[in-house]
There are 2 protein chains.
Amino acid sequence: MSSTLAGNAVIGQSGGPTAVINQSLVGCIEGLRQCDAIGKILGAHHAVRGMVDGDFIDLSEISQDRLDRIAATPSSALGSSRDKPDEQYCRDIFRSFEKNDVRYFFYIGGNDSSDTARIVNETARKEGYELRAFHIPKTIDNDLECNDHTPGFPSAARFVAQALMGDQLDNAALPGIKIDVIMGRHAGFLTAASMMARTRDDDGPHLIYVPEVCFDVDRFIADVDRVYSRLGRCVVAVSEGIHDQEGVAIATKLAQRVEKDAHGNVQLSGTGALGDHLVQLVKDGLGSKLRVRADTFGYLQRSFAGCVSEVDQIEARASARMAAELAVDGVENGSIAIQRASDSPYRAEYVRVELTDVAAKTRTLPLDAIVDGCDIDRDFRRYFEPLIGELPVIEQL
Amino acid sequence: MSSTLAGNAVIGQSGGPTAVINQSLVGCIEGLRQCDAIGKILGAHHAVRGMVDGDFIDLSEISQDRLDRIAATPSSALGSSRDKPDEQYCRDIFRSFEKNDVRYFFYIGGNDSSDTARIVNETARKEGYELRAFHIPKTIDNDLECNDHTPGFPSAARFVAQALMGDQLDNAALPGIKIDVIMGRHAGFLTAASMMARTRDDDGPHLIYVPEVCFDVDRFIADVDRVYSRLGRCVVAVSEGIHDQEGVAIATKLAQRVEKDAHGNVQLSGTGALGDHLVQLVKDGLGSKLRVRADTFGYLQRSFAGCVSEVDQIEARASARMAAELAVDGVENGSIAIQRASDSPYRAEYVRVELTDVAAKTRTLPLDAIVDGCDIDRDFRRYFEPLIGELPVIEQL
């Protein structure tokens, strides 16, 4: 295969925005600019939607200065989409690529995006059309196989840690029971990151519930009662994706009108229903006079401006740049995984993996990290520490 | 009155914690340390509760290094209280002060705290006991009379601005209707600060609702419809305290079991009910297929670790230090107001005002700042700019 394939490139940003998804966009542009054979570098407006409709923005001539500012801006500069392309949709994407002489395709997103890159790549191959198709990981859920962690996750984890640092001190000042609902449908990494808020014994969160284990209401009430009896307060971090023995998400049971997206996922974020429900469970179980509150971190945790992990910024940009460089060098397809080469000092490696190794699979927290169904093993701090970066100073009396 | 009154000092932190209330604590300690006549500098655990119970922590010997770290830590290091002292409660505080040879009393809090300082001061005077009693302002609601703004507000406003910056970009990437519920029972300053998230025309928040004007549901739906029709998306910032024509808070109508604190205030925060209700109103009014989401910023906006206004830190410390210095210099009582000496370059002045000028009064947004009941006048940016400080860089395609 030629390494000087001429043609245009398309970059898309899919799924939920993150604080560093524009670092990936810019890293990809920077990688592509090194190759003269590439004509235009096109951004697809609203992901696959823009690819099919031919709704592109020319990114070829943006100044480096402006690129740097775009990279530092949270959310997806190109716009995103929740469309889940089926085979026909992917054929339509391919037709549009053919029509626009697109030979390089980069799709920044989660495991569904990896699958889209794979299908478009296979469609092209069947048609004898040379196309290079790369997936560039992005997800705050941190649930992609082959990856130590995924771009977007460290910044979201940093937000969660900083939020809990403040919130558990707030709870210490005005004691009561506080429940914080954190994103994560199937994987509890982000909720587990709340453990990084602890700076002393007896700091919150005192209880952490992740979707890797079943959520039992009676057990939950007993856990809260135990902590509250001992400390006179209790801070709980809980994943939005917690579910019962049958695998039914607790949030699903509450929705008056359950809303599903194109991926068949029930809406979990953008509502306070789960948090309010858990508050009511605690009041029903332990007494209505208790001060019980819930906050649902919602979209703030993925797009907050100005709470970004430095490592995350660097890695998002570097892994995207590597995807572009591999494509330019003649590699037909792949996904770029971040692997941990060493813990201390922290060092990451970027490795090409097969699209099929990432596509439509979900990685979850290792079960041995979960303690008694309601906490995360202390050793897991080592995993989070280099990703989240230095946290604010906390000094208590 | 002697300027070398000998005795101990008590400092308390009241009401909702903020990101800089420990700056006030430390500023007060630093001011007091300059006076040799002062014996012990005591912190009251959980505010008035600790004063009555004699539950004090000795702050006299804490190293400057540790003080600096405490100052930088969010939430109330001494613990807070929601107790609203009546006359008898204040007499009990006085008895405890008398017993512990307390001659200097500093109460960091909102307008209720100013009233407590006033009553304790008057009780002491009636008993012929020389006591210096100062109120040190703190409230993210920014609702104290005589003040240009209050410590705690600039940091909370910064959080709101950064949150909206990210959130409105998130909404641009995945268009829909997004509702953000922001703290503020009677005063809309914090919700109004969301305007600072805008960096371009048509940036969100597109609609801003504050409690200074009545919230009309039909008008709200029509506003959202108008914005959504024009832009294909709509970001709404709304105060938790919005109320109907009769002055009844919308949130009150929703509470299954309305919870009130000792001040008679209905619980507004720590629940997603208002946001979820507004989502349902929009869906009922404009169509259930619309993507409508709500986030309630909750306690994050007042105690988030690592999102602090530098001006706020400096002013909280300086105004508390001034209270201590005035007390040491022989001034019997007062509250320290922050007034704006100049806008550009920004410069603040600290002014002693009477306790009665601040006590039990509420300042609200000037009505001429509110545009059409659903926005804030652009000129009001000048008010927020120096307080919030430099915001993250935003560059859009």
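What counts and how
- Residues numbered from 1 in each chain as written.
- Chains lettered and ligands numbered in written order.
- Predicted model: local features only at pLDDT ≥ 70, side-chain atom pairs only at ≥ 80, totals over all residues.
- Domains from an automatic or database assignment.
- Contact = placed C-beta atoms within 7 Å.
- Nonpolar A, V, L, I, M, F, W, Y, C, P; charged D, E, K, R; others polar.
- Least-squares fit on C-alpha atoms with pLDDT ≥ 70 in both.
- Helix = DSSP H or I, 4+ residues; strand = E, 2+ residues; numbered from the N terminus.
- Expected span 1.5 Å × (residues − 1).
- Buried ≥ 20, exposed ≤ 12 C-beta atoms within 10 Å, placed from the backbone.
- Axes fitted to C-alpha atoms, helices over the stretch in contact; angles between N-to-C directions.
- Parallel < 35°, antiparallel > 145°, perpendicular 65-115°, else oblique.
- Left-handed = near helix turned anticlockwise from the far one by under 90°.

**Overview of the domain arrangement of chain A**
Residues and elements named next belong to chain A. Segmenting chain A into domains produces domain 1 (7-151 + 307-358) and domain 2 (154-306 + 365-388). With 23 residues of domain 1 in contact, the opposing surface of domain 2 contributes 25 residues. Grouping the constituent residues of the side of domain 1 that touches domain 2 by class yields nine nonpolar, six polar and eight charged.

**Overview of the relation of the copies chain B and chain A**
You can overlay chain B on chain A at an RMSD of 0.0 Å; the transform is a turn of 180° with a shift of 0.0 Å along its axis. Such values leave the two copies arranged in the relation of a two-fold axis. Relative to the rotation axis, the closest C-alpha in chain B is found at B:Gly272, a distance of 2.0 Å.

**Some words on helix α1 (residues 21-33) of chain A**
Residues and elements named next belong to chain A. The end-to-end C-alpha distance of α1, which contains 13 residues, comes to 19 Å, matching closely the 18 Å that a straight helix rising 1.5 Å per residue would cover. Taking burial as the measure, the 13 residues of α1 include 11 buried ones, the bulk of the element. The set of residues buried in α1 consists of Ile21, Asn22, Gln23, Ser24, Leu25, Val26, Gly27, Cys28, Ile29, Gly31 and Leu32. Where α1 is buried, its residues meet β1 (7-13), β2 (38-44), α3 (64-72), β4 (102-109), β5 (132-137) and α12 (310-328).

**Looking at the environment of A:Val279**
Structurally, the position occupied by A:Val279 is in helix α10 (residues 273-286). The class for A:Val279 is buried, based on 21 C-beta atoms found within 10 Å.

**So, the interface of chain B and chain A**
Contact residues are listed per partner, giving 52 residues for chain B and 52 residues for chain A. For the side of chain B that touches chain A, the elements supplying multiple residues, two or more each, are α3 (64-72), α6 (153-173), α10 (273-286), β9 (292-296) and α11 (300-303) of chain B. Ranked by residue count, the leading element in the side of chain B that touches chain A is α6(B), at nine residues. Here the residues of the side of chain B that touches chain A sort into 24 nonpolar, 18 polar and 10 charged.

**A word on the packing of helix α1 (residues 21-33) of chain B against α3(B)**
Residue and element names in this part refer to chain B. Taken N-terminus to C-terminus, the directions of α1 and α3 make an angle of 150°; their axes are 7 Å apart at the nearest point. Taken together, the axes of α1 and α3 are roughly antiparallel relative to one another. In this structure, α1 crosses over α3, and the sense of that crossing is left-handed. Touching Asn22, Gln23, Val26 and Ile29 of α1 are Leu67, Ile70 and Ala71, all from α3. Class assignment of the residues belonging to the contact of α1 with α3 gives a composition of five nonpolar, two polar and no charged.

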